[in-house]
Amino acid sequence: MPGLFITLEGGDGSGKSTQSALLTEWLTAAGRTVLVTREPGGTDVGVELRNIVLHWRGDIAPRAEALIYAADRAHHVATTVRPALERGEVVVQDRYIDSSVAYQGAGRVLGGEEIRDLSLWATEGLVPDLTVLLDLHEDEGRDRMAERTTFDRLEAEQAEFHARVRAAYLELAEAEPQRFLVLDAREPRETIAAAIRERVSALL
Ligand code: TMP
């Protein structure tokens, strides 16, 4: 496809939105058309699904949760991401398949491979050109969110859940070093932004 698909991954509080904004600013200044988007919730349907999956007050069975994320992704890719890539745009996206593999596959212990296959089916096999993993110890992510008074269903999970998520992310990155750029989220934000720009420049 003519466009470039960049995803940002990492635990809650790792700085994905900040880096997405800095990267977008730089790409736009360089004359690129950028679609900034996220999962869950990158479409109108997705906003509804996001509300259910993050804020439903009762239990959601783990497999149902995985399917809601996959449904959000299927609709988002079909209606928004793939068309933008076909138009030659750069898509900068907060979270994608790797989030499902880490949170549902490892966090909910549903199994990474099956969850990956589900997402690949949902997206007709769309894989990012670059995935930036902002790696942060789960305790630090929690500290960064200390001022928050409300937590969504996933954020409210125990430390062990978030430790499994982090370990799964690092395993994914190790398995696909060409696709992943792993950065220490404790570095200053400008240092991180410069490292991302360097890698993106090479791809453009
Ligand atoms: P965020 O948009 O604030 O990062 O919140 C999304 C939450 O949903 C976050 O806790 C991670 C979680 N999530 C999954 O569990 N699976 C997924 O596939 C995605 C995209 C997000």
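Everything discussed here concerns the structure shown above.
The rules behind these values
- Residues numbered from 1 in each chain as written.
- Predicted model: local features only at pLDDT ≥ 70, side-chain atom pairs only at ≥ 80, totals over all residues.
- Heavy atoms only, no water.
- Salt bridge = Lys/Arg side-chain N within 4 Å of Asp/Glu carboxyl O.
- Helix = DSSP H or I, 4+ residues; strand = E, 2+ residues; numbered from the N terminus.
- Buried < 20%, exposed > 50% of the residue type's maximum accessible area, 1.4 Å probe, protein only.
- Phe/Tyr/Trp six-rings, centres within 6.5 Å; stacked < 30°, edge-to-face > 60°.
- Lys NZ or Arg CZ within 6 Å of the ring centre and 35° of its normal.
- Axes fitted to C-alpha atoms, helices over the stretch in contact; angles between N-to-C directions.
- Parallel < 35°, antiparallel > 145°, perpendicular 65-115°, else oblique.
- Contact = heavy atoms within 4.5 Å.
- Nonpolar A, V, L, I, M, F, W, Y, C, P; charged D, E, K, R; others polar.
- Pairing = 2+ DSSP bridges.
- Near = heavy atom within 4 Å.
- Polar contact = N/O pair within 3.5 Å; in protein donor to acceptor, adjacent residues only side chain to side chain.
- Areas by Shrake-Rupley, 256 points an atom, 1.4 Å probe, with all protein chains shown as cover.
- 1 Å grid on protein atoms, 1.4 Å probe; cavity = no way out; pocket = protein on both sides within 12 Å on 5 of 7 lines; lining within 4 Å.
- Sits in = over half its atoms within 2 Å of the grid points.

*Asks:* I'm lost on the pattern of salt bridges in this one. Help?
*Replies:* When the charged atoms of two side chains with opposite charge come close together, those side chains can pair. For the structure shown, the criterion picks out 12 salt bridges. One salt bridge connects E39 with R73, and the closest N-O pair in it is separated by 2.5 Å. One end of the pair, E39, is in the loop between β2 (34-38) and α2 (44-55); the other, R73, is in helix α3 (residues 62-86), and 34 residues separate them in sequence. For D98, the salt bridge is made with R179, and the minimal N-O distance between the two is 2.8 Å. Residue D98 is located in helix α4 (residues 97-107), and its partner R179 is located in the loop between α7 (159-175) and β5 (180-184); the two are separated by 81 residues in the primary sequence. Classification of D98 by relative accessible area gives buried; the value is 3%. Given a relative accessible area of 9%, R179 falls into the buried group. Through salt bridges with shared partners, a single ionic network connects E65, R108, R153 and E157.

*Asks:* Got a minute to help me understand the packing of aromatic side chains in this structure?
*Replies:* Working definition: an aromatic ring pair is given by the centre-to-centre distance plus the angle between the planes. One pass over the full model with this rule turns up 3 aromatic pairs. For the ring pair Y103 and Y169, a centre distance of 6.4 Å and an interplane angle of 80° mean the geometry is edge-to-face. On the criterion of sequence distance, the pair formed by Y103 in helix α4 and Y169 in helix α7 is long-range, its members being 66 residues apart. Residues Y103 and Y169 agree in their burial class; the two are buried. Pairwise contacts between aromatic rings join Y103, F161 and Y169 into one cluster. Directly above the aromatic system of F151 lies the positively charged group of R142, at a separation of 5.1 Å from the ring centroid.

*Asks:* Is there a simple way to think about the packing of α3 against α4 in this case?
*Replies:* In contact at an axis separation of 11 Å, α3 and α4 are set at 175° when each is read in the N-to-C sense. The orientation of α3 relative to α4 falls into the category roughly antiparallel. On the side of α3, the interface is formed by E65, A66, Y69 and R73, while α4 contributes I97, S100 and Q104. Classifying every residue of the contact of α3 with α4 gives 3 nonpolar, 2 polar and 2 charged.

*Asks:* Would you take a moment to explain the sheet that holds strand β1 (residues 4-10) for this structure?
*Replies:* In spatial order, the strands read β2-β3-β1-β4-β5; together these 5 strands make up an open sheet with parallel pairing. Here the strands that pair on one side only, and so sit at the sheet edges, are β2 and β5. Shown here is a sheet whose adjacent strand axes are inclined to one another by a mean of 20°, direction ignored. Two elements, β2 and strand β3 (residues 90-94), share 5 bridges in a ladder whose sense is parallel. Residue pairing for β3: T37 is matched across the bridge by Q93. Sheet strands touched by helix α1 (residues 16-29): β1, β2, β3 and β4 (130-135). Its angle to β3, the strand with the most contacts, is close to 170°.

*Asks:* When you look at the site of the ligand in this model, what are you seeing that I'm missing?
*Replies:* Lining the immediate surroundings of the ligand are 13 residues, of which Y69, R73, R95, S100 and Q104 lie closest. Contact between the ligand and Y69: an oxygen atom at 2.8 Å from a side-chain N or O atom of the residue. Within the side chain of R73, a nitrogen or oxygen atom sits 2.9 Å from an oxygen atom of the ligand. Contact with the protein chains hides 92% of the accessible area of the ligand, taken as 480 Å² for the molecule alone. Its atoms largely coinciding with the cavity grid, the ligand occupies the largest pocket. Taken together, the elements giving at least two residues each to the shell around the ligand come down to α2, α3 and α4.

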